[in-house]
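Below are the chains, spelled out letter by letter.
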Amino acid sequence: MRKGSIGLAAGSLVIGTGLACRAAPDNEPAPGQAAAYELVEGWGGAREDVGTVTAVDVDDDGNVYAFRRDANDVWKLDADGTLLEQWDQDFDQWAHGIRVGPDGSIWTVDGQGHQVKKWSHDGRELLMTLGEYGVAGETPDLFNRPTDVGFGPDGEFFVSDGYGNNRVAKYDRNGEFIMAWGEAGTEPGQFNLPHTIVVDARNRVFVGDRENARIQIFDLDGNLLEIWEHLGSPYGLSIDGSDQLYVADLVNARIWIARASDGELLRTIDDTKAIHWVAADRLGNVYASTPAPSTGQFWDDPSEVWYLRKYQKVEDR
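Notes on the overall build of the protein
Next, step 1: From N to C terminus, the protein includes one helix and 26 strands.
Next, step 2: Across the 317 residues that make up the protein, the buried fraction comes to 60%.
Next, step 3: Across the protein, contacts joining residues at least 24 apart in sequence account for 46% of those joining residues at least 6 apart.
Next, step 4: Carbon and sulfur atoms provide 44% of the accessible area of the protein, an area that totals close to 12,700 Å².

So, in structure tokens, the structure goes:
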């Protein structure tokens, strides 16, 4: 287990300190490269028009998909923040997670309706539904407030069944149940709200164990490999094509960016108020979303919180 250093903010740019080999001790600067990000003001439209956004993801063409909780719809935007399409199908009772699958399909996760749905890339055709609407359970066919979905190498996928069950459920490409692992607790392999899940290029399953403030890493069969405790409280996880891991940390108002291979901290984006989900495009630009801020939780003024944000990567030095 490693401890990472804390990033620094400077001016209008959000700067993180990079690490060359090993993480530096607390409060000590670390050598290496730093990347700068700039918040794109007003990206996606006015705050009141965008509304609450629980999750965000990016497809191979750089289009951004924003899952809007109060509106219960999906916005498709281009990289400039122009709204291209608005899908208002009957997605969810309580929008939680959205992912673009390896085949371009769109997956939505209903955190209170207890369902995971797979849609065609244009959002018009429902291709698969797992779970029974409004019915909570802990069986191959039932979830209890699932949170996210991650994709394996051969079409299999993993559901973090988080708010109620504290488990990960694995399915084949056709939605047939394979196995599940996990239970409530703080010991290795146990969870206290598995809130987000991704699979890296080495076929390791990363689970954001949110309330335990750690990332647990498993093989495809649920065997525990590592635990990382140096990347804050993982609300959202994303891995880009350059094998960089992005961690949305609402508690510390920070996006942690690390090497997915070994967890070495590369940089941070700070002052990301109320961040719930994160995604990155091929150019390294970072998108973040916020579902519903409330006064006094982790920020002073909810009017300062933008529900959908883009942090543009502006330099490496």
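Side note on the environment of Ser 289
Next, step 1: When you line up the elements, Ser 289 lands in strand 25 (residues 286-289).
Next, step 2: C-alpha of Ser 289 to C-alpha of Phe 67: the two residues are 222 residues apart in sequence and 8.9 Å apart in space.
Next, step 3: Excluding residues within four positions of it along the chain, Ser 289 makes contact with Val 53, Thr 54, Ala 55, Val 56, Ala 274, Ile 275, His 276, Trp 277, Tyr 307 and Arg 309.
Next, step 4: At 3.5 Å, the side chain of Ser 289 and the backbone oxygen of Val 53 are in polar contact.
Next, step 5: Of note is the side chain of Ser 289, whose polar atom sits 3.3 Å from the backbone oxygen of Thr 54.

Details of the environment of Lys 170
Next, step 1: Locating Lys 170 in the fold gives a position in strand 14 (residues 167-171).
Next, step 2: Residue Lys 170 is classed as buried on the basis of its relative accessible area, which comes to 7%.
Next, step 3: Note: C-alpha distance between Lys 170 and Asp 221 (51 residues apart in sequence) is 8.6 Å.
Next, step 4: Only 2.9 Å separates the side chain of Lys 170 from the backbone oxygen of Leu 220, close enough to count as a polar contact.

Quick word on the packing of aromatic side chains
Next, step 1: Counted according to the given criterion, the structure contains 14 aromatic pairs.
Next, step 2: On the numbers, 6.1 Å between centres and 70 degrees between planes, the contact of Phe 143 with Tyr 171 is edge-to-face. Of the two residues, Phe 143 sits in the loop between strand 11 (126-130) and strand 12 (148-151) while Tyr 171 sits in strand 14, which places them 28 residues apart along the sequence.
Next, step 3: Relative to Phe 177, the ring of Tyr 171 lies with its centre 5.6 Å away and its plane at 75 degrees, an arrangement referred to as edge-to-face.
Next, step 4: For Tyr 171, a relative accessible area of 1% translates into the label buried.
Next, step 5: Each residue in the set Trp 107, Phe 143, Phe 151, Phe 157, Tyr 171 and Phe 177 is aromatic and connected to the rest through ring pairs, giving one cluster.
Next, step 6: In this structure, Arg 145 is placed above the aromatic ring of Trp 94, and the distance from its NZ or CZ to the ring centre is 5.0 Å.

Here we look at the pairing of strand 6 (residues 73-77)
Next, step 1: Most of strand 6 is tucked away: five of the five residues are buried.
Next, step 2: Residues of strand 6 alternate between two faces, with Asp 73, Trp 75 and Leu 77 on one and Val 74 and Lys 76 on the opposite face, all of them buried.
Next, step 3: In sequence, strand 5 (residues 64-68) turns back onto strand 6 through a hairpin of four residues, with Asn 72 there showing a positive phi of about 55 degrees.
Next, step 4: Examined bridge by bridge, strand 6 and strand 7 (residues 83-87) share four bridges and lie antiparallel to one another. If you follow Leu 77 over to strand 7, its bridge partner there is Leu 83.
Next, step 5: Linkage of strand 6 to strand 7, two consecutive antiparallel strands, is achieved through a turn of five residues, within which Gly 81 is found at a positive phi near 90 degrees.

Considerations on the sheet that holds strand 4 (residues 53-58)
Next, step 1: The antiparallel open sheet is built from four strands, whose spatial order is 4-5-6-7. The sheet terminates laterally at strand 4 and strand 7, the two strands that pair on one side only. Neighbour-to-neighbour, the strand axes of this sheet turn through a mean angle of 20 degrees, independent of strand direction.
Next, step 2: Sheet analysis places strand 4 next to strand 5, joined by five bridges and oriented antiparallel. Bridge pairing in strand 5 links Asp 57 to Tyr 65.

Some thoughts on the side chain of Thr 54
Next, step 1: Considering the arrangement of structural elements, one finds Thr 54 in strand 4.
Next, step 2: With relative accessibility at 0%, the residue Thr 54 sits in the buried group.

Topic: the sheet that holds strand 8 (residues 95-100)
Next, step 1: If you walk across this open sheet you meet the four strands as 8-9-10-11, and the pairing is antiparallel. Two strands in the sheet have a free side with no partner beyond their single neighbour: strand 8 and strand 11. Sheet twist, expressed as the mean angle between neighbouring strand axes with direction ignored, is 15 degrees.

Reading the values: the criteria
- Residues numbered from 1 in each chain as written.
- Predicted model: local features only at pLDDT ≥ 70, side-chain atom pairs only at ≥ 80, totals over all residues.
- Heavy atoms only, no water.
- Helix = DSSP H or I, 4+ residues; strand = E, 2+ residues; numbered from the N terminus.
- Buried < 20%, exposed > 50% of the residue type's maximum accessible area, 1.4 Å probe, protein only.
- Contact = heavy atoms within 4.5 Å.
- Areas by Shrake-Rupley, 256 points an atom, 1.4 Å probe, with all protein chains shown as cover.
- Polar contact = N/O pair within 3.5 Å; in protein donor to acceptor, adjacent residues only side chain to side chain.
- Phe/Tyr/Trp six-rings, centres within 6.5 Å; stacked < 30°, edge-to-face > 60°.
- Lys NZ or Arg CZ within 6 Å of the ring centre and 35° of its normal.
- Pairing = 2+ DSSP bridges.
- Axes fitted to C-alpha atoms, helices over the stretch in contact; angles between N-to-C directions.

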